[in-house]
Amino acid sequence: MRTRARWTAALIATVLPLATAACSSGGSDSSNGPVTLTYALWDNNQQPAYQACADAFTAAHPDIHVKITQSAWNQYWQNLTTQMTSGNAPDVFTDHVAYYPQFVKNNQILDLTSRVAADKVDLNQYQGGLADLWVKDGKRYGLPKDWDTVAIAYNTGMLKSAHVDPAGLANLTWNPTDGGTFEQLIAKLTVDQKGHNGLDPSFDKNHVKVHGIELIYDDGATGQSTWGNFAVANGFTFLDKNPFGTKYHYSDPALAQTVDWFASLAKKGYAAPYDKASTLGPDAVLNAGKAAMTMTGSWNINTYLGSSATQKFAFAPLPAGPRGRKTFINGLSDAIYTGTKHPDQAWQWVKFLASTSCQDIVASKGVVFPAIKTSSQKALATHQAAGRNVKVFVDEATTPGETFSYPITDHADQITQEVQTDLEGVWLGKSTAADALAKAQKAVDGFMSQP
């Protein structure tokens, strides 16, 4: 779903500040003959599922054909920027909560409120909270299409070699003072060149063969796959309200404690340092046998359990922090470009994408979890039938109190770039988290005071 869930600050800074497109208001379509809609997405793993949806849609609407275009994550947003600037963006495209506020501000995606009401779309059918993410100033700009949560991916062979019972991972605890049983596990799975693990007094942190955990350092302003989940489990909240709060809480000591703990893992030799971490991504590092665990989202299920994995992996829930177990729950939607020449047909396609007719098809492919609750269960059944145990993601999503929503505000591009840059100093050991986050807070306050 998300080739990289984390945000690359420079990319966002390039993509989001778009000039307002000169485009139509998405009025009624005057076409009488067959129509071809363009639909853009970024995940090649999902393209077959949505091609099947397009085929089913055209079978029900013979005069509407859907042409799907796919490009990788970075290229996707670069293409969309160019297309919107020139006024020829796709009729419909997959959208993300961090991007859509800017699209709304620039009048680049259609308000769907009246169409949703007129066609009586049931907003209660979606996983709790997802429908609310796409409403700004009382207007709706998307319908949920899928969701994701975050869990631990671990190398089963390395746990076995360390004599660790995988069942115990369901009861891991964490705190920012000593890391709890989670840090003990990380240390035990860390092995130096002479075979000593991180709990052995003879452990050599300067000559590590296998790190206990692979961290994602460039995880934007949210730490979606890493520190964000732990910070919330430590009592941190991103915003005064979500979505569209007006005050971020980056100077909260609960966040600084969490970030300092993450930085300490590299200092102890349990994780690769920031300046030596692989640029290939955690999945490549784990596949190479260089690390035993990482944190990852459900969008990467097939990366770790698919046929291309060279090691054997499994998933476990995130550890419980002082405030319990917490994980981001996030999801995507489909947006209609305001410059489309076929707004009515585009709405029919978007409505179909957000229905059980399409989401059950997506569920049958076993790539992501659809937003509709009954379709999610069908996706789980697909995974189970293929021998993939991914119930941990569903359990997190459906357990009351274990999930929280992605922070949604204006100025996401500026906030991401600032926080990512300030945290870099912490990862490099040049700044404490408290000092870095105080700097970030001041800058973010300034961004949020802008129109």
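Treat the numbers as computed from the prediction; the structure is a model and nothing was measured.

Focus: the nonpolar core
Move 1: Phe182, Tyr250 and Trp349 are the most contacted members of the largest nonpolar core, which totals 144 residues.
Move 2: Those residues in contact with Phe182, other than ones at most four positions away along the chain, are Ile152, Leu172, Thr173, Trp174, Ile213, Phe230, Trp261, Met293, Met295 and Pro319.

So, the pairing of strand 10 (residues 293–297)
The two faces of the sheet receive side chains in turn, since in a regular strand these alternate between them.
Move 1: Here strand 10 lies mainly inside the structure; 5 of its 5 residues are buried.
Move 2: Side chains Met293, Met295 and Gly297 project from strand 10 onto one buried face, and the interleaved Thr294 and Thr296 project onto a second face that is buried too.
Move 3: Here strand 7 (residues 150–155) pairs with strand 10 via 5 bridges, running antiparallel. Within strand 10, the position partnered with Ala153 by the bridge is Thr294.

Notes on the sheet that holds strand 7
Move 1: Here 3 strands make up an open sheet; going across it, the order is 10-7-11 and the pairing antiparallel. Lying at the two open borders of the sheet, with one neighbouring strand each, are strand 10 and strand 11 (313–316). Here the strands of the sheet are splayed against their neighbours by 35 degrees on average, with no regard to which way each runs.
Move 2: Each of strand 7 and strand 10 is contacted by helix 7 (residues 180–189), which is oriented at about 125 degrees to strand 10, the strand it contacts most.
Move 3: Sheet contacts for helix 15 (residues 391–398): strand 7, strand 10 and strand 11; angle to strand 7, the most-contacted strand, approximately 155 degrees.

What about the packing of helix 2 (residues 47–60) against helix 12 (residues 343–353)?
Move 1: Relative to each other, helix 2 and helix 12 sit at 125 degrees, their axes nearing to 11 Å. Taken together, the axes of helix 2 and helix 12 are oblique relative to one another. Regarding helix 2 and helix 12, the two cross each other, and that crossing is right-handed. For the pair helix 2 and helix 12, contact is made by Tyr50, Cys53, Ala54, Ala56 and Phe57 and by Gln345, Gln348, Trp349, Phe352 and Leu353, respectively.
Move 2: Residue composition of the contact of helix 2 with helix 12, by class: 8 nonpolar, 2 polar and no charged.

Some remarks on the packing of aromatic side chains
Each aromatic ring pair is specified by the distance between its two centres and by the angle formed by the two planes.
Move 1: Throughout the structure, instances matching the rule amount to 38 aromatic pairs.
Move 2: Consider the rings of Trp261 and Phe262, whose centres lie 5.0 Å apart with planes at 85 degrees: the pair is edge-to-face.
Move 3: Using a relative accessible area of 3% as the deciding quantity, one classes Trp261 as buried.
Move 4: Residue classification places Phe262 among the buried residues on the basis of a relative accessible area of 2%.
Move 5: One aromatic cluster is present, built from ring pairs that chain together Trp227, Phe236, Phe238, Tyr248, Tyr250, Phe328, Phe404 and Tyr406.
Move 6: The cationic tip of Lys145 hangs over the ring face of Tyr50; the distance from NZ or CZ to the ring centre is 4.2 Å.

Here's the deal with the confidence of the model for the protein
Predicted coordinates in areas of low pLDDT are best not read in detail.
Move 1: Per-residue pLDDT for the protein averages 92, and the proportion of residues at 70 or more is 93%.
Move 2: Confidence drops under a pLDDT of 50 for residues 1–28, and excluding neighbours within four residues, the segment shows 93 contacts in the predicted structure.

Thoughts on the pattern of salt bridges
Oppositely charged side chains can pair when the atoms bearing their charge come close.
Move 1: Going through the model one piece at a time under the given rule, you end up with 12 salt bridges.
Move 2: Between Lys268 and Glu183 there is a salt bridge, with the nearest N and O atoms lying 2.6 Å from each other. With Lys268 in the loop between helix 9 (253–267) and helix 10 (282–287) and Glu183 in helix 7, the pair connects residues that are 85 residues apart, well separated along the chain.
Move 3: The exposure class assigned to Lys268 is partly exposed, which follows from its relative accessible area of 32%.
Move 4: Several salt bridges converge on common partners, so that one network encompasses Lys136, Asp137 and Asp410.

Thoughts on the state of the cysteines
Move 1: Under the defined criterion, the tally for this structure stands at 1 disulfide.
Move 2: Paired by a disulfide, Cys53 and Cys358 hold their sulfur atoms 2.3 Å apart. Classification of the bridge connecting Cys53 and Cys358 rests on its S-S torsion, roughly 95 degrees, and on that basis the disulfide is right-handed. Placement of Cys53 in helix 2 and of Cys358 in helix 13 (residues 356–365) is noted, with a sequence separation of 305 residues between them.
Move 3: A relative accessible area of 0% places Cys358 in the buried class.

Digging into unusual backbone geometry
Move 1: The peptide bond linking Asn242 to Pro243 adopts the cis configuration, its omega dihedral lying at 5 degrees.
Move 2: The backbone of His163 shows a phi angle near 60 degrees, a positive value even though the residue is not glycine.
Move 3: Of note, the phi angle at Phe244 is positive, near 60 degrees, even though the residue is not glycine.
Move 4: Within the element layout of this structure, Phe244 appears in the loop between helix 8 (227–233) and helix 9.

Section: the side chain of Asp192
Move 1: Position of Asp192 relative to the elements: it lies in strand 8 (residues 191–192).
Move 2: Although buried, Asp192 forms no salt bridge, and the nearest oppositely charged side chain, Lys194, lies 7.6 Å from it.
Move 3: A polar side-chain atom of Asp192 sits 2.9 Å from the main-chain amide nitrogen of Lys194.
Move 4: For Asp192, the side chain forms a polar contact with the main-chain nitrogen of His196, separated by 2.8 Å.

Definitions and limits used
- Residues numbered from 1 in each chain as written.
- Predicted model: local features only at pLDDT ≥ 70, side-chain atom pairs only at ≥ 80, totals over all residues.
- Heavy atoms only, no water.
- Core = buried A, V, L, I, M, F, W, Y, C linked by side-chain atoms within 4.5 Å.
- Buried < 20%, exposed > 50% of the residue type's maximum accessible area, 1.4 Å probe, protein only.
- Contact = heavy atoms within 4.5 Å.
- Helix = DSSP H or I, 4+ residues; strand = E, 2+ residues; numbered from the N terminus.
- Pairing = 2+ DSSP bridges.
- Axes fitted to C-alpha atoms, helices over the stretch in contact; angles between N-to-C directions.
- Parallel < 35°, antiparallel > 145°, perpendicular 65-115°, else oblique.
- Left-handed = near helix turned anticlockwise from the far one by under 90°.
- Nonpolar A, V, L, I, M, F, W, Y, C, P; charged D, E, K, R; others polar.
- Phe/Tyr/Trp six-rings, centres within 6.5 Å; stacked < 30°, edge-to-face > 60°.
- Lys NZ or Arg CZ within 6 Å of the ring centre and 35° of its normal.
- pLDDT = per-residue confidence, 0-100.
- Salt bridge = Lys/Arg side-chain N within 4 Å of Asp/Glu carboxyl O.
- Disulfide = S-S within 2.5 Å.
- Lys, Arg positive; Asp, Glu negative; His and termini not counted.
- Polar contact = N/O pair within 3.5 Å; in protein donor to acceptor, adjacent residues only side chain to side chain.

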